[in-house]
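Fold and contact review
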Amino acid sequence: MKTTFFNYLKISSQLFCHRLPDRTFKLKRHYFPVCSRCTGMYIGMFSFFIFSYFNLVHYSINFTLLGFLMVIPTAIDGFTQLFGLRESNNYLRFFSGLIGGIGLLILVISFKLILLGRY
């Protein structure tokens, strides 16, 4: 059996994501390796990383608070589904994950700067 990059991606994604077919985007009869919320989170984190690489971002208490507030919609969307209070769709999962991914990376970088004493 030939092992490819996509097989490794598929195996590693199972550690972090449930990958339910009805909650995963599909392109030409192929499912994405992660669910729509995780897809949004990865795209959000990657896009903010690229943005912060090319632009000076000043990390402050207010910016860290903004990052925390950006994670809240993802948490609300996930927990209300988990407890069966409502059913979301893939586009709402994607956009809440996109916002949450940006917020999560802001928090990670802020905490890294705090630990390094550069905050």
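No experiment lies behind these values; they were computed from the predicted model shown.

With that out of the way, let us pick up the overall build of the protein chain. Helix and strand counts for the protein chain stand at four helices and two strands. Going residue by residue from the N terminus, the α and β elements of the protein chain occur as α-β-β-α-α-α. Buried residues in the protein chain amount to 34% of all 119 residues. Nonlocal contacts in the protein chain, meaning residues at least 24 apart in sequence, comprise 61% of its contacts between residues at least 6 apart. For the protein chain, the accessible area works out to roughly 8600 Å², and carbon and sulfur atoms hold 72% of it.

Bringing the packing of helix 2 (residues 36-54) against helix 4 (residues 90-116) into the picture now. At their nearest, the axes of helix 2 and helix 4 sit 6 Å apart, and the two run at 40 degrees to each other. When the interaxial angle is binned, helix 2 and helix 4 end up oblique. In terms of crossing hand, the pair formed by helix 2 and helix 4 is right-handed.

Moving on to the pattern of salt bridges. Taken as a whole, this structure holds three salt bridges when the rule is applied. Here D77 and R37 are joined by a salt bridge, their closest N and O atoms 2.8 Å apart. With D77 in helix 3 (residues 61-82) and R37 in helix 2, this residue pair connects regions lying 40 residues apart in the sequence. With relative accessibility at 2%, the residue D77 sits in the buried group.

Bringing a nonpolar patch on the surface into the picture now. Together, F46, F49, I50, Y53 and F54 make up a nonpolar patch on the protein surface, roughly 620 Å² of accessible area in all. Topologically, Y53 is positioned in helix 2. Classification of Y53 as exposed rests on a relative accessible area of 62%.

Counting residues in each nonpolar core, the largest one holds nine residues, listed as F48, V57, Y59, F63, M70, L105, I106, I109 and L113. For this core, the elements supplying multiple residues, two or more each, are helix 3 and helix 4. It is helix 4 that provides the largest number of residues to this core, a total of four residues. Excluding its chain neighbours within four sequence positions, the residues that come into contact with Y59 are F48, S52, I106, I109, S110, L113 and Y119.

As for its placement among the helices and strands, S88 is situated in the loop between helix 3 and helix 4. A distance of 3.2 Å separates polar atoms of two side chains, one belonging to S88 and the other to D77. Not counting residues within four places of it along the chain, the set of residues in contact with S88 comprises D77, Q81 and R93.

Working definition: an aromatic ring pair is given by the centre-to-centre distance plus the angle between the planes. Under the defined criterion, the tally for this structure stands at six aromatic pairs. Between F48 and F63, the aromatic rings sit 6.4 Å apart at their centres with planes inclined by 35 degrees, giving tilted as the arrangement. Residue F48 is located in helix 2, and its partner F63 is located in helix 3; the two are separated by 15 residues in the primary sequence. For the pair F48 and F63, one class covers both residues: buried.

How each quantity is defined
Residues numbered from 1 in each chain as written. Predicted model: local features only at pLDDT ≥ 70, side-chain atom pairs only at ≥ 80, totals over all residues. Heavy atoms only, no water. Helix = DSSP H or I, 4+ residues; strand = E, 2+ residues; numbered from the N terminus. Buried < 20%, exposed > 50% of the residue type's maximum accessible area, 1.4 Å probe, protein only. Contact = heavy atoms within 4.5 Å. Areas by Shrake-Rupley, 256 points an atom, 1.4 Å probe, with all protein chains shown as cover. Axes fitted to C-alpha atoms, helices over the stretch in contact; angles between N-to-C directions. Parallel < 35°, antiparallel > 145°, perpendicular 65-115°, else oblique. Left-handed = near helix turned anticlockwise from the far one by under 90°. Salt bridge = Lys/Arg side-chain N within 4 Å of Asp/Glu carboxyl O. Patch = residues over 30% accessible without salt bridge, like charges linked within 9 Å, V, L, I, M, F, W, Y side chains within 5 Å. Core = buried A, V, L, I, M, F, W, Y, C linked by side-chain atoms within 4.5 Å. Polar contact = N/O pair within 3.5 Å; in protein donor to acceptor, adjacent residues only side chain to side chain. Phe/Tyr/Trp six-rings, centres within 6.5 Å; stacked < 30°, edge-to-face > 60°.

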